[in-house]
Amino acid sequence: MNDFNDFGLDLAVIGNGQTAALLEPASRLVWWCYPRFDGDPVFSRLLAGDEEKGFCDIVLDDMVDYSSDYERNTPVVSTVLTNSQNAAVKITDFAPRFRNYERIFRPPQLMRIIEPVAGLPRITIRVRPTADYGSPITDRSVGSNHISYRANGLAVRLTTDGPLSYIEREDTFVLTKPIHMVFGPDEPLVEDIATTCREFADRTRDYWVEWVRRLSIAYEWQDAIIRAAIALKLSNFEETGGVVAALTTSIPEAPGSGRTWDYRYCWMRDAYFVVKALNRLGATKTMEGFISFILGIASGEVVRPVYGVVPTTPLDEMTAPNLKGYRNDGPVRVGNAAAYQNQHDTYGSIILAAMPMFFDRRLPRPGNEALFHLLEHLGEKAAKLAFTPDAGIWEYRGRAHVHTYSASMCWAACSRLAAIASHLDLVDQAGRWANEAAKIQDTLLEKAWSDTREAFTAGFGLDVLDASVLLLPETGLIEPNDPRFVCTVDAIERELLRGNHMMRYANEDDFGMPEAAFLTCRFWLIDAWWWLGRREEARDLFVDSLRHRNRYGLLAEDIHPETGQLWGNFPQTYSMAGLILTAMRLSRSWEDRYWRG
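Residues numbered from 1 in each chain as written. Predicted model: local features only at pLDDT ≥ 70, side-chain atom pairs only at ≥ 80, totals over all residues. Heavy atoms only, no water.

Caption draft 1: Main features of the overall build of the protein chain. Secondary structure assignment for the protein chain yields 16 helices and 32 strands. In terms of principal-axis extent, the alpha carbons of the protein chain reach across some 75 × 60 × 50 Å. Burial analysis of the protein chain (597 residues in total) assigns 62% to the buried set. Pairs at least 24 residues apart make up 66% of the contacts formed inside the protein chain by residues separated by at least 6 positions. Summed over all atoms, the accessible surface of the protein chain reaches about 22,600 Å², with 47% contributed by carbon and sulfur. Measuring between centres, the 63 positive side-chain charges of the protein chain sit 3 Å from its 80 negative side-chain charges. (Helix = DSSP H or I, 4+ residues; strand = E, 2+ residues; numbered from the N terminus. Buried < 20%, exposed > 50% of the residue type's maximum accessible area, 1.4 Å probe, protein only. Contact = heavy atoms within 4.5 Å. Areas by Shrake-Rupley, 256 points an atom, 1.4 Å probe, with all protein chains shown as cover. Lys, Arg positive; Asp, Glu negative; His and termini not counted. Charge placed at Lys NZ, Arg CZ, Asp CG, Glu CD.)

Caption draft 2: Structural view of the environment of C197. Mapped onto the elements of the fold, C197 is located in helix 2 (residues 193–213). In this structure the C-alpha to C-alpha distance between C197 and P96, which are 101 residues apart in sequence, comes to 8.8 Å. In contact with C197, not counting residues within four places along its chain, are F94, M111, I113, H180 and V182.

Caption draft 3: Summary view of the pattern of salt bridges. Per the stated rule, a full pass over the model turns up 45 salt bridges. Residues R157 and D186 are paired through a salt bridge, measuring 2.8 Å at the closest nitrogen-oxygen approach. Of this pair, R157 sits in strand 17 (residues 154–160) while D186 sits in the loop between strand 19 (179–185) and helix 2, and the two are 29 residues apart along the sequence. Overall, the relative accessible area of 11% leaves R157 in the buried class. One salt bridge connects R585 with D527, and the closest N-O pair in it is separated by 3.2 Å. You can see R585 sitting in helix 15 (residues 573–586) and its partner D527 sitting in helix 13 (residues 519–531), a full 58 residues away along the chain. For the pair shown, R585 and D527 are each scored as buried. Overlapping salt bridges bring together E24, R28, R45 and E52 as one network. (Salt bridge = Lys/Arg side-chain N within 4 Å of Asp/Glu carboxyl O.)

Caption draft 4: Here's a closer look at the packing of helix 13 against helix 14 (residues 535–546). Contact geometry for helix 13 and helix 14: axes closest at 8 Å, N-to-C directions at 160°. By the angle between their axes, helix 13 is roughly antiparallel relative to helix 14. For helix 13 against helix 14, the interelement crossing comes out left-handed. On the side of helix 13, the interface is formed by R522, F523, L525, I526, W529 and W530, while helix 14 contributes R535, E537, A538, L541, F542, D544 and S545. (Axes fitted to C-alpha atoms, helices over the stretch in contact; angles between N-to-C directions. Parallel < 35°, antiparallel > 145°, perpendicular 65-115°, else oblique. Left-handed = near helix turned anticlockwise from the far one by under 90°.)

Caption draft 5: How the structure looks around helix 13. The end-to-end C-alpha separation of helix 13 is 19 Å, in line with the 18 Å expected for 13 residues at 1.5 Å each. Summarising burial for helix 13: 12 of the 13 residues are buried, a large majority. Taken as a whole, helix 13 has its buried residues at L519, T520, C521, R522, F523, W524, L525, I526, D527, A528, W529 and W531. Positive backbone phi, at 85°, marks G533, one or two positions downstream of helix 13. (Expected span 1.5 Å × (residues − 1).)

Caption draft 6: Up close: the side chain of T260. Residue placement: T260 occurs in the loop between strand 21 (242–243) and strand 22 (266–267). A polar contact of 2.6 Å, which involves the side chain of T260, links it to the backbone oxygen of P331. For T260, the contacting residues outside a window of four places in its chain are S250, P252, D329, G330, P331 and R333. (Polar contact = N/O pair within 3.5 Å; in protein donor to acceptor, adjacent residues only side chain to side chain.)

Caption draft 7: Examining unusual backbone geometry more closely. Following Y34, the chain continues into P35 via a peptide bond in cis, with omega recorded as 0°. Relative to the elements of secondary structure, P35 occurs in the loop between strand 3 (29–34) and strand 4 (40–43). Backbone torsion omega between F570 and P571 reads -20°, so that peptide bond is classified as cis. The residue P571 is located in the loop between strand 32 (566–567) and helix 15 in this model. Positive phi, close to 50°, is recorded for Y101, a residue that is not glycine. Mapped onto the fold, Y101 is located in the loop between strand 9 (98–100) and strand 10 (103–105).

Note that all results are geometric; they support no functional claim without further evidence.
Here is the structure:
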């Protein structure tokens, strides 16, 4: 049961591309935003501190053991609770998703199937929804097979064949037959609930097994890659194509840090890494949807660094007074002020993310000259703003600099426009953008280098180091074997590594000295070692990375270097994409390991 250390955030994700929820290993649902990722949390226990509200659980009398895991190659969670008399109950949790009438059926619903598997288990079913970010819902009405919960325009229905009187009163009863529960819109469920839940569960399993079967993955670490791929898919709001940075808000980057941010939105910076990971996996439909989402944004007059899954959603930042925070560690924030910052790497991120439209022959709608001219609009801004101060990749709130990473992505914007123009036989434009890229490159490599530090630093005129410069070879700005990059890697190892954990930076910021290591930065270091020929070191550090996933194979944003606990919003798209890309890079080939034995 408890053979895991306190990793923190030992949570599973269930979802279907429309809605998603988090549950604890003993099957308590603790986070569910309704009806979409950025909605009001009906289940908010994750951020309720010591208040017992915002959850649904099944309490087994005298429980002494539990086991919980995903069913193979699916986001369906199976949990078994056992008591001291060996009576046991099995709970199956999922969000329905399958093909129906030639389209994907993905309603904003969660389903639970509760079955007795041994003895006569005595259970209590507790349902305590919230609205308005943490206010318990008191307006409820009971029907013959349902309970409706309503508050300030929010209306959610639990439909069940379980004993409503026991559920409403949270009374204990003996479970003698399966119980089925459906959370979703306040509408009647016309079909028989037991038949519906069983059928939806089977069809959902079949959908995911088939989806995984079509992935292109590395030979090594297959289970880890598959689980990360499913996590990326569950972070995709399929209706618009947006991919959120995480499914939560305000889980602190470190205890008591005040670094609590709302990540239920789409960062343009993440686009490049997510598109690249989906491309490597062969998940082209999800990739195309995200590219379409990005290009829709790129066609606007103003391009911001962050958008809602519905791009017109306002992201004004506020705090939620009714939630105490994860482990009583607030504040809980809704919205994100980073949406209104200047972050110049955005232009390069969008153009890099659009590259498959021009070069990936699998895609049915290839990029054309009209799309190129749309991207040129972003390139103009990149060329103009490359050496203008911004908030940077880490979104500093109280200061601005010319950041090395931002400038490098402005270079990437111009460089890729030159490549696209050449591909489209637009000779004049190819020459023009190549010249723009060369000018940025020369200035950048000169001004970002510090003779004193013998490294590329975080920004022009700064003497502090930053893990993001490990990405300079990723875009082709500099060759990995360039002596300046080799020296930079050495300097970053000396100053930013904490054991096997990689800090983003080690200097004071708006909130003081950072405590937590950023998980995706470790993957950047591993990739740098791989480029430099340090292959065994890279593999060892990657294998160690896998040990820090939670029991379900998922990663958050941060890890505390001393305690090993996961912190930060969860599951973190950046971290899961990093895991996929690094695993695919480091893995031995199928030809070597499978066919030759």
